[in-house]
Amino acid sequence: MNFTHRSRISLPNKFTISEVLVSALFGHQQNTRKLNNPTNKFTQQSASSNHRDKIEKVAMSRPILYTLHLSPPCRAVELTAKALGLDLEQKVVNLLTGDHLKPDYLKMNPQHTIPVLDDNGTIIPESHAIMIYLVSKYGKDDSLYSKEIVKQAKLNAALHFESGVLFARMRFLFEPILFRGSSEMPADRTEYIEKAYQLLEDTLVDDYVVGSTPTIADFSCISTISSLMGVIPLESTKYPKILAWVDRLKALPYYEEANESGAVQLSSAVLASKEKNAAKASL
């Protein structure tokens, strides 16, 4: 699961399920003009017909998201789309059969990562970029990604924190287990995760990562944190702000569908691989 805004791993033509997991992991509303009341009945009917045609055309050309639910960056995009009330056509990229290495996919995204957005021919291949694009184009307002320059700078900083710290340290822990047959969680790597937790705890001075309402920074951070906390639990006494933040996001009506199930699947896959690797090592 290419995390897409993170580092990219090239897969061989033949690969194991563990390799696939790592690759997958690491890797508007349109404003409608109010019509003047026409005096001509034919004109009115024609305008109505044109309006219906536009609606049907929009309905037929939904943005396409190439995705895999196990991947945190894919889930961050899904959360954003749900928050916008945007109905994306989702196409699952089957990494096991090499969908991401097929000529048509490589032509669309030479980095062969997921997620990728195809909005009627406009191709956006990176999760943070996709989220900003969707909010900018389809958002009714800028509450998810502020246009105000100071708040936008803070949001951008939070997105970089997610990719450069939270996600990077998760991969640092998960990759050897999923990809290299390790059954260990070295102390230095779990310590990096704990330090990342503390940085996020210190960052949460408001209800959400940047301000008092959810933004794409929250969607990006929670996609990684929810995957990590199933492997390295969050202690309530050490990280009360994070746990309260997680609970607030879980209260969103679309959270379970867009994020929770995939996060549980990923953390379960890591723990199962760890046990399987340990069993092999003991033979």
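Residues numbered from 1 in each chain as written. Predicted model: local features only at pLDDT ≥ 70, side-chain atom pairs only at ≥ 80, totals over all residues. Heavy atoms only, no water.

(A) The arrangement of the nonpolar core in detail. Residues L134, F174, Y197, V209, I225, I242 and W245 are the most contacted members of the largest nonpolar core, which totals 60 residues. Broken down by element, this core gets its largest block of residues, twelve residues, from helix α6 (residues 149–179). Each residue touching I242, except ones within four places of it in the same chain, is listed here: Y197, L200, E201, L204, I225 and L234. Counting ten residues, the second-largest nonpolar core is a separate cluster that includes C74, V93, Y105 and I114. (Core = buried A, V, L, I, M, F, W, Y, C linked by side-chain atoms within 4.5 Å. Buried < 20%, exposed > 50% of the residue type's maximum accessible area, 1.4 Å probe, protein only. Helix = DSSP H or I, 4+ residues; strand = E, 2+ residues; numbered from the N terminus. Contact = heavy atoms within 4.5 Å.)

(B) Spotlight on the sheet that holds strand β1 (residues 64–67). The four strands are arranged β2-β1-β3-β4 in an open sheet whose pairing can be described as mixed. Each edge of the open sheet is held by one strand with a lone partner, namely β2 (89–92) and β4 (122–124). Strand-to-strand twist across the sheet, computed as the mean angle between neighbouring axes with direction ignored, equals 20°. Note that β1 and strand β3 (residues 116–119) share three bridges and pair antiparallel. Among the inter-strand pairings, I64 is bridged to a residue of β3, identified as D118. Against the sheet, helix α5 (residues 127–138) contacts β3 and β4, and its axis sits at roughly 30° relative to β3. (Pairing = 2+ DSSP bridges. Axes fitted to C-alpha atoms, helices over the stretch in contact; angles between N-to-C directions.)

(C) Broad picture of the packing of helix α3 (residues 72–84) against helix α8 (residues 216–228). The N-to-C vectors of α3 and α8 enclose an angle of 140°; their axes lie 8 Å apart at closest approach. With respect to their mutual orientation, α3 and α8 come out oblique. With respect to the hand of their crossing, α3 and α8 are arranged in right-handed fashion. The residues of α8 that touch α3, namely those facing P72, P73, R75, A76, L79, T80 and A83, are I216, F219, S220, I222, S223, T224, S226 and S227. Class assignment for the residues of the contact of α3 with α8 results in eight nonpolar, six polar and one charged. (Parallel < 35°, antiparallel > 145°, perpendicular 65-115°, else oblique. Left-handed = near helix turned anticlockwise from the far one by under 90°. Nonpolar A, V, L, I, M, F, W, Y, C, P; charged D, E, K, R; others polar.)

Purely spatial values, then, with no claim about function.
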